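# Fold and contact review
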Amino acid sequence: MKLTKTEFKKYLICPESFWLEKKKPEEFKGGEMTDFLKKLIQDGYDVEEKVRELFPSGVLIDEIGDDVLVKKTQEALKNKGIIFQATFKTEEGLFVMVDILKFNDETQKWDLYEVKSSSEIKTDLAHNHIKDICFQKITLERASIEVGNSYIVHLNRDYVRKGDLDLSKLFIFAEVSEQINEVYPEVSFHIEKALDLLKEDDLKITSCSCLYKSAGQRCDSFSYFNPQVPEYSTAHILRGKKLMELIDNNIFDPKDIPDDFKLTDPQRLKVNLQKIGVEQINIENIRDTLSDLQYPLYFLDYETLLKPIPQLDGYNPNQQIVFQYSLHILEKDGKLKHFEYLADDLETSTEGLVESLKQNIGNIGTVIVWHQTFEKGRNDELGKLHPKFKGFFEDINRRIFDLKIIFQKDYLDPRFYGSASIKKVLPVLIPELSYKDLDVQDGTMAMSAWEELLGEKDVNRKKKIRENLLKYCELDTEAMLKIFELIREL
Ligand code: SF4
């Protein structure tokens with residue numbers, strides 16, 4: 001039996017889902033290594049490597065196979081120095097690889113350092129950094145290592161890069177020994193529970209504890225434990241007492257909610273949508289909303305690179321670099337123009353982009369985006385990075401209209417399954433426009449492609465990556481344009 005730190009974290013989030021992943025991996029839906037997950041892992045490695053530079057005498061345990069790693073660690077421990085990825089396994093199966101283990105000459109104990117790519121210490125259910133490092137401490141103690149102080153090393157959110165990275169200011173070393181002591185009994189208890197659970201070959205449960213929770217709180221394993229609940233259920237529309245009442249009456253499908261069941265207007269609208277099975281469109285409201293838009297209409301979309309370590313001057317940790325935009329401009333007379341920008345190098349990426357935007361977005365006209373928080377946030381950051389353009393970006397933000405809003409209240413379709421995301425709306429309304437045939441299909445793939453483009457020497461490959469990125473971003477604004485044209489005709 002083996003219980004790693006990552007697995008224990010999963011156990012703390014949900015014992016049932018943890019059990020399913022470990023004991024019936026063929027039934028477990030959430031285990032896919034997505035591009036986004038790969039990116040997060042790579043980001044974690046990048047941050048860890050930077051922190052290691054602050055420990056120049058550290059020795060890396062870098063072998064293949066658990067037993068070899070453990071053996072090499074035991075050898076390295078004899079030197080009483082600094083070890084990266086020190087690996088321990090206990091008799092009952094606890095397994096950890098410690099980011100940094102440092103012998104403290106004063107206390108004659110080993111200090112633990114856990115590196116995080118976040119800008120804070122998290123203690124929520126999904127990411128509890130304190131319990132995470134406590135699991136390591138317990139494992140080390142059970143492997144007969146005397147642990148002294150424990151630290152979480154995380155990024156300093158207030159750090160602003162200027163020239164070479166100043167590692168002493170980029171990272172915060174937070175001593176968390178006290179907090180670990182507070183959760184120690186609870187973590188020890190749960191370790192035993194998790195180990196016991198792994199001995200079970202069948203959970204013998206007919207539903208899991210998220211049955212009464214709203215759909216957003218459930219994980220991918222929900223359908224395994226609750227096969228009686230349809231994919232789009234009452235929990236997508238209701239929560240709290242009303243949801244509980246329906247579930248206690250075995251009502252899971254919105255179509256089965258009695259007509260006299262008390263609902264708010266928005267809830268009733270969503271329920272009716274499922275019962276009738278056809279779209280509910282408030283044409284009056286849509287026309288009213290669209291009449292406020294001012295031509296020319298600018299359909300704008302950004303692509304960004306998100307890195308924990310600031311790559312450029314003026315950037316904070318985990319701040320996004322806007323490296324690309326696509327802009328469709330629709331004149332009142334129907335004339336359509338398309339502009340785009342894709343940075344070719346990192347250093348000048350946003351300089352060229354803001355100049356290009358300024359040239360192409362005039363002083364008059366509504367700027368249309370999908371999910372305005374993203375574009376508005378980037379505009380604020382671009383204005384800060386390029387003070388000459390601050391007023392320009394403030395003006396754009398004043399002129400932004402979020403097309404998504406129409407699909408949150410006035411254009412509902414049962415095939416959107418309660419979502420107003422463009423990824424759900426586009427395939428229903430404009431099925432011929434699809435990302436499926438593109439080499440770059442989402443924002444994470446765009447980030448990787450741009451990083452590849454920056455390092456690529458082969459001219460032909462570089463050209464191909466550029467084409468892929470341009471096609472992807474153009475499709476984002478074309479999708480908005482086509483959806484707009486469709487609702488304008490209502
Ligand atoms: S839906 Fe909730 S209780 Fe059920 S397996 Fe997932 S997290 Fe656990």
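Please read these numbers as outputs of a predicted model, since none were measured by experiment.

## Regarding the overall build of the protein
Along its length, the protein carries 18 helices and 14 strands. With the C-alpha coordinates aligned to their principal axes, the bounding extent of the protein is approximately 80 × 65 × 40 Å. Counting only contacts in the protein whose residues sit at least 6 apart along the sequence, the fraction spanning at least 24 positions is 63%.

## Remarks on unusual backbone geometry
Working note: non-glycine residues mostly have negative phi, and peptide bonds are mostly trans. Along the chain, tyrosine 295 connects to proline 296 via a cis peptide bond; the corresponding omega equals 0 degrees. A positive phi angle is found at glutamine 85, which is not glycine, with a value near 60 degrees. Mapped onto the elements, glutamine 85 comes out in strand E3 (residues 82-89). Its identity is not glycine, yet tyrosine 417 carries a phi of approximately 50 degrees, on the positive side. Within the secondary structure layout, tyrosine 417 lies in the loop between strand E14 (411-412) and helix H16 (422-429). Owing to 14 C-beta atoms within 10 Å, tyrosine 417 belongs among the partly exposed residues under this scheme.

## A few points about the site of the ligand
Around the ligand sit Cys14, Glu16, Ser17, Cys208, Ser209, Cys210, Arg218, Cys219, Ser221, Phe222 and Phe225, and those are all the residues in its vicinity. Of the residues that constitute the shell around the ligand, the class distribution is 6 nonpolar, 3 polar and 2 charged.

## Topic: the sheet that holds strand E11 (residues 336-342)
Taken in spatial order, the 5 strands line up as E11-E10-E9-E12-E13 in an open sheet, and their pairing is mixed. For this open sheet the edge positions go to E11 and strand E13 (400-402), each flanked by a neighbour on one side alone. The average undirected angle you get between the axes of adjacent strands in this sheet is 30 degrees. Across the sheet, helix H12 (residues 349-360) touches strand E10 (320-330) and E11, and the angle it forms with E10 is around 20 degrees.

## A short note on the environment of leucine 438
Tracing the chain through its elements places leucine 438 in the loop between H16 and helix H17 (443-455). Along the chain, leucine 438 and asparagine 468 lie 30 residues apart, while their C-alpha atoms are 7.2 Å from each other. With residues up to four places along the chain from it excluded, the contact list for leucine 438 reads Asn468, Lys471, Tyr472 and Leu475.

## Some thoughts on the nonpolar core
Membership of the largest hydrophobic core comes to 55 residues, with the highest contact counts inside it found for Tyr298, Ile368, Leu469 and Met480. The leading source of residues in this core is helix H18 (residues 459-488), at 10 residues. Setting aside its immediate chain neighbours within four residues, tyrosine 298 contacts Leu327, Ile329, Ile361, Gly365, Val367 and Ile368. Formed by 44 residues, the second largest nonpolar core is a distinct cluster that contains Ala76, Val96, Ile138 and Leu140.

## Topic: the pairing of strand E6 (residues 147-155)
In terms of strand pairing, strand E5 (residues 109-115) meets E6 through 5 bridges, oriented parallel. Each residue of the ladder has a partner; that of tyrosine 113, found in E6, is tyrosine 151. In this view, the connection linking E5 to its parallel neighbour E6 by way of helix H5 (residues 129-142) has right-handed handedness. Sheet topology places E6 next to strand E7 (residues 171-175); 5 bridges connect them, and they run antiparallel.

## Some remarks on the pairing of E3
Most of E3 is tucked away, with 8 of its 8 residues classed as buried. Here strand E2 (residues 59-60) pairs with E3 via 2 bridges, running parallel. Bridge pairing in E3 places valine 59 opposite isoleucine 83. The antiparallel pairing of E3 with strand E4 (residues 94-104) creates a hairpin that spans 4 residues between the two strands, and glycine 93 there sits at a positive phi of about 110 degrees.

## Here we look at H5
Taking 1.5 Å of rise per residue, the 14 residues of H5 would be expected to cover 20 Å, and the 20 Å separating its terminal C-alpha atoms lies within 8% of that figure. Those residues of H5 that are buried are in contact with helix H1 (5-13), E3, E4, E5, E6 and helix H7 (177-198). Downstream of H5 by a residue or two, serine 144 has a phi angle that is positive, lying close to 65 degrees.

## Examining the domain arrangement of the protein
Quite often, the size of an interface is put as the accessible area lost when its parts meet. What the domain assignment reports for the protein is domain 1 (3-198), domain 2 (230-275) and domain 3 (278-490). Averaged C-alpha coordinates put domain 1 and domain 3 at centres separated by 38 Å. A total of 7 residues in the side of domain 1 that touches domain 3 trace back to one element, the largest contributor, which is helix H3 (residues 35-52). Grouping the constituent residues of the side of domain 1 that touches domain 3 by class yields 6 nonpolar, 4 polar and 8 charged.

## What to know about the packing of H17 against H18
Close contact between H17 and H18 brings their axes to 10 Å; oriented N to C, the two are set at 150 degrees. The angle between the axes of H17 and H18 places the two elements in the roughly antiparallel class. Between H17 and H18 lies a crossing whose hand is left-handed. Only Lys462, Ile465, Arg466, Asn468, Leu469 and Tyr472 of H18 make contact with H17, whose side of the interface consists of Ala446, Ala449, Trp450, Glu452 and Leu453. Grouping the amino acids of the contact of H17 with H18 by side-chain chemistry returns 7 nonpolar, 1 polar and 3 charged.

Parameters and conventions
Residues numbered from 1 in each chain as written. Predicted model: local features only at pLDDT ≥ 70, side-chain atom pairs only at ≥ 80, totals over all residues. Helix = DSSP H or I, 4+ residues; strand = E, 2+ residues; numbered from the N terminus. Contact = placed C-beta atoms within 7 Å. Buried ≥ 20, exposed ≤ 12 C-beta atoms within 10 Å, placed from the backbone. Near = placed C-beta within 6 Å. Nonpolar A, V, L, I, M, F, W, Y, C, P; charged D, E, K, R; others polar. Pairing = 2+ DSSP bridges. Axes fitted to C-alpha atoms, helices over the stretch in contact; angles between N-to-C directions. Core = buried A, V, L, I, M, F, W, Y, C linked by C-beta atoms within 7 Å. Right-handed = clockwise from strand over helix to strand, strands pointing away. Expected span 1.5 Å × (residues − 1). Domains from an automatic or database assignment. Parallel < 35°, antiparallel > 145°, perpendicular 65-115°, else oblique. Left-handed = near helix turned anticlockwise from the far one by under 90°.

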